[in-house]
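# Secondary and tertiary structure notes
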Amino acid sequence: QGDGPDAEPLIIAQDHAWPPFAFTDSDGEPQGLLIDLWHELAAELGRPVEFQLVDWPDSIELVRSGSADLHGGLIASPERRRFLDFSEPMINLSTFLFVRSGAGILSLEDLRGQDIGVVAGSYELEYLRQERPLLSYRQYANNDILIRAAVSGTVDAFVADYPVAMYLLDQHAAPSDFHPLLLLYSHPLRAGVTADNAALLQSVNDALSELDPEVLRRITQRWMRSERQEVTPQWFYPLLIASLLALVLLYVLMLRGRSRRLRLEVETRTRELATSESLFRALADNSSAGIFMIRGEQFEIVNPAMSTITGYPREELLQMSFPRLIHPADRSMVRRRARMRQSGESVPHDYDFRFITREGDTRWIRLSVDAIPVEGELVSVGTCIDITEHKDAKRDLEAEGRFSRLVADTSAHFANASQSNIDARIDRMLHTFGQNLGADRAYLFRYSEDGQFLRNTHEWCAPGVASAMDSLQNLATSDIAWLDAKQRQMLQEQRPLIINDTRALPAEAATERDFLENDGVRALLLIPVQSSSAFSGFFGFDSLHPRTWPEQQAQQLMVVAHLLAEAMGAIAAEAFLTRESLTDPLTGLYNRRYLDLQLNHWMKNPAGQSRLSLAMIDIDRFKPFNDTHGHQAGDELLQQLGRLMQTACREQDVVIRFGGEEFILLLRDTPLTDAGRAISRLLDRIRQTDFRVQGQTHRISVSCGLASTDELAASDKAPEHLIGMADQRLYGAKRRGRDCLVDSTPEPSL
Ligand SMILES: Nc1nc2c(ncn2[C@@H]2O[C@H](COP(=O)(O)OP(=O)(O)OP(=O)(O)O)[C@@H](O)[C@H]2O)c(=O)[nH]1
């Protein structure tokens, strides 16, 4: 109330560590925004000022106890209003919850169980206890101590007025250690006086209203670094700061949110990875495919299936180099590919090769492998599956296919076989199938017409296997009764007889077993062959070791047997027809057609040319014989004479009924003189033979004309010339009185 410097000083209580509002500087002088403001206001009031700067709680106590006239600036709270009256607002103040940057505190929730630093006796503490009763607080005497504690790490969060916190963090060289997380409130600072000091309060209010806004701006600018130069309304800066803070806060929250999302994502991915790792492990452990990783040539990872496939336990595999497992024939190929893959060249990812298992078996493997970089080095990772059965099946299928083609080819050969080539074709068939089946011997057996004997007619032997053909020419079927019966049964059922091991034959086959084992035979496959009448027998295959014959192929051989039988039948029929056309039905001797063929063959074919004599023989006075005894008797005589001539001549000679009662005898490699002697002997024998015809004995004679190729000029060596010459001489013999031979000799020989 007093005027001038003599007036009683106005004693103002304030915090001594509340920069930039009020604090004691290093010289012990009071400083700060509020200090400057009160200098101005005191000037308005016309009183000198004296500041009592103490700890915050004490600063209030000073006013309450009357030691100070007023409090220099504080927020009005219900608690404080019980003992203080407050002036109009002096300056606005925003209070924040600050948290340590990087501590991962994203909300008040994250502060559960942690102490939040706050100045003892402050409005903040009062506010927090009211609004956030569940949080716990650590109290500090003033803001400076509070911020020091925060910077030193005692607390990760504190509550302070924004300018104060920023000012002190700056002072302690930790401007970005903490950031505002939450705006708690924004309240104005007011001067506080005791209830009994209403007059002072009134004059303070007056002074405040009188205060030049420019003066306030200047003071604020001095203590708040972010203040703008322009004259602004009193509310502007706090609002601006609050807005900026809100933006910063938003940004920080966004960042935190993002990092939280990232953290969640990392956690999720980690969980997913753990899940997928265990899934992959389960997959690898239960996979029937071998899974491995190879570094250099050494196994580094193997799954259980690798042990199943290779037969080696895991521990052994891990000690092994990969190439040791590979079949020697495939090793260099696999190694070459591995080297190329390691050096980054392109090689097939999938290929097949063979493993040798621990037991020494060969297994086919399909490998799928790739090189991937691990710790700066290319390693091979891949899978392998055992495809042995697949390969076997494929091989069997191919073999069956090949076999079917062979069967088809062979069948075609038999379809157009003839007498002249059937033997060669049977030989080829035995060779082909013997080889294809891996047999040691292949053969064809034929039953004799009465079925009493078996004869081995064709044979093929694998290299180094001895022939058994010679000892198998007259095998009595009674000696091998079991096999014979079995063979006939198979024939009936149209099935092959498969014996994989002779030692497994039944007791009743003991003879057969000994018989076969004597020849070293331990397995056999017999294919019955039966054509209606021409042929009965079987072809078959021997193995000198027990073995399993392929049933499928054996069954296919029945087709061959069938066609072979047909060929045999056809050839037999053909032979029969041939015989019919070349023989004389009455006597069974060759006929004139055969004579022509043979003469052509022997005389025209240079390879077949040989010295040949031809005797033409005619029964004397056959007409009267016929007339006397009948044509039937004549026929019988012709038959008997034919037989006689056949038995009388040599094996290489050929007797032909030339026509009627005329015969021709062909004598190969025989000069005329030798032939003459032979014919003379024949004529003698005929003359002396008693022919029994229809119960009567008859004697006959024949006349003969003999000619030889020796007598023909080189240009005349034709069958018709030879026959013509013999015919003329026969005619000569008849003229000479019959029962004689005429050759080149001019006089008849009697
Ligand atoms: N029974 C029978 N007689 C046949 C056959 N072929 C021919 N003849 C007969 O043989 C006789 C042949 O008689 P000729 O050629 O006249 O001569 P020949 O009576 O034998 O008197 P020469 O030859 O002169 O001694 C005829 O009567 C024919 O009918 C035959 O297949 N069977």
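Coordinates for the structure precede this section.
Residues numbered from 1 in each chain as written. Predicted model: local features only at pLDDT ≥ 70, side-chain atom pairs only at ≥ 80, totals over all residues. Heavy atoms only, no water.

## Some points on the overall build of the protein
This is how it is decided: Here a strand is any run of E in DSSP of at least two residues, a helix any run of H or I of at least four, and the numbering for each starts at the N terminus. Type-normalised accessible area, obtained with a 1.4 Å probe on protein chains alone, sets the label of each residue: buried when under 20%, exposed when over 50%, and partly exposed for intermediate values. Any two residues whose heavy atoms approach within 4.5 Å are treated as being in contact. Only the protein chains shown count as cover for residues, and the accessible areas themselves come from Shrake-Rupley with a 1.4 Å probe.
The helix and strand tally for the protein stands at 22 helices and 29 strands. Across the 750 residues of the protein, 46% fall into the buried class. Here the contacts in the protein between residues at least 6 apart in sequence split such that 62% fall between residues at least 24 apart. For the protein, the accessible surface area stands at approximately 37900 Å², while carbon and sulfur atoms represent 50% of it.

## Quick word on the nonpolar core
Where we set the bar: What we call a nonpolar core is a set of buried Ala, Val, Leu, Ile, Met, Phe, Trp, Tyr and Cys residues that are connected through their side-chain atoms within 4.5 Å.
The biggest cluster of nonpolar side chains holds 84 residues, and the ones touching the most others in it are F21, W38, M90, L97 and F158. The next biggest cluster of nonpolar side chains, apart from the first, holds 35 residues, and it includes I426, M429, A442 and L564.

## Re the sheet that holds strand β21 (residues 523-530)
By way of backbone hydrogen bonds, the strands of a sheet pair with one another, either parallel or antiparallel. In plain terms, the rule: Here a strand pair is declared whenever DSSP counts at least two bridges between the two strands.
Read across the open sheet, the six strands follow the order β19-β18-β17-β22-β21-β20; overall the sheet is antiparallel. Because the sheet does not close on itself, it has two edges, and the strands there are β19 (475-476) and β20 (497-499). Where β20 lies against β21, three bridges are found, and the strand directions are antiparallel. By the bridge assignment for β21, I499 is matched with L524.

## A few points about the site of the ligand
Convention followed: Put simply, a residue is near a molecule or strand once any heavy atom of it comes within 4 Å of that molecule or strand. Any pair of N or O atoms that falls within 3.5 Å is considered a polar contact. Within protein, one atom must be able to donate a hydrogen and the other to accept it, and sequence-neighbouring residues count only if both atoms are side-chain atoms. Side-chain classes are defined by residue name, with Ala, Val, Leu, Ile, Met, Phe, Trp, Tyr, Cys and Pro counting as nonpolar, Asp, Glu, Lys and Arg as charged, and the others, Gly among them, as polar.
The environment of the ligand is made up of 17 residues, and the closest members are R621, F622, N626, D635 and R657. Interatomic distance of 2.9 Å between a backbone N/O atom of H631 and a nitrogen atom of the ligand. Within the side chain of D635, an N or O atom sits 2.7 Å from a nitrogen atom of the ligand. The protein chains hide 69% of the 650 Å² of surface that the ligand would expose on its own. For the shell around the ligand, the secondary-structure elements that each account for two or more residues are β23 (612-619), α19 (622-629) and α20 (631-648). In terms of residue class, the shell around the ligand is made up of four nonpolar, four polar and nine charged.

## Some points on the pairing of strand β13 (residues 298-302)
Bridge count between strand β12 (residues 290-295) and β13: four bridges; the pairing is antiparallel. Within β13, the residue paired with F292 across the bridge is V302. Turn length for the β12-β13 hairpin, with the two strands adjacent in sequence and antiparallel, is two residues, and the turn residue G296 shows positive phi of about 65 degrees.

## Side note on the packing of aromatic side chains
We count it as follows: By convention, a stacked pair of Phe, Tyr or Trp rings (six-membered ring in the case of Trp) has centres within 6.5 Å and planes under 30 degrees apart, an edge-to-face pair has planes over 60 apart, and any other such pair is tilted. Any Lys NZ or Arg CZ found within 6 Å of a ring centre and within 35 degrees of that ring's normal is scored as a charge over the ring.
Evaluated as defined, the whole model comprises 25 aromatic pairs. Measuring from ring centre to ring centre gives 5.0 Å for Y123 and Y185, while their planes differ by 85 degrees; the resulting arrangement is edge-to-face. Taken as a pair, Y123 in helix α4 (residues 123-131) and Y185 in strand β11 (residues 178-194) lie far apart in primary sequence, 62 residues in all. Here Y123 matches Y185 in class, with each residue buried. With 6.2 Å between their ring centres and 75 degrees between their planes, F322 and F355 make a pair best called edge-to-face. With F322 in the loop between α11 (314-319) and α12 (328-342) and F355 in strand β14 (residues 350-356), this pair connects stretches of sequence that are 33 residues apart. Accessibility assignment for this pair places F322 and F355 in one class, buried. Aromatic ring contacts, followed pair by pair, group F292, F299, F322, Y351, F353 and F355 into a single cluster. One residue, R547, lies across the ring of W549, its end atom 4.0 Å from the ring centre.

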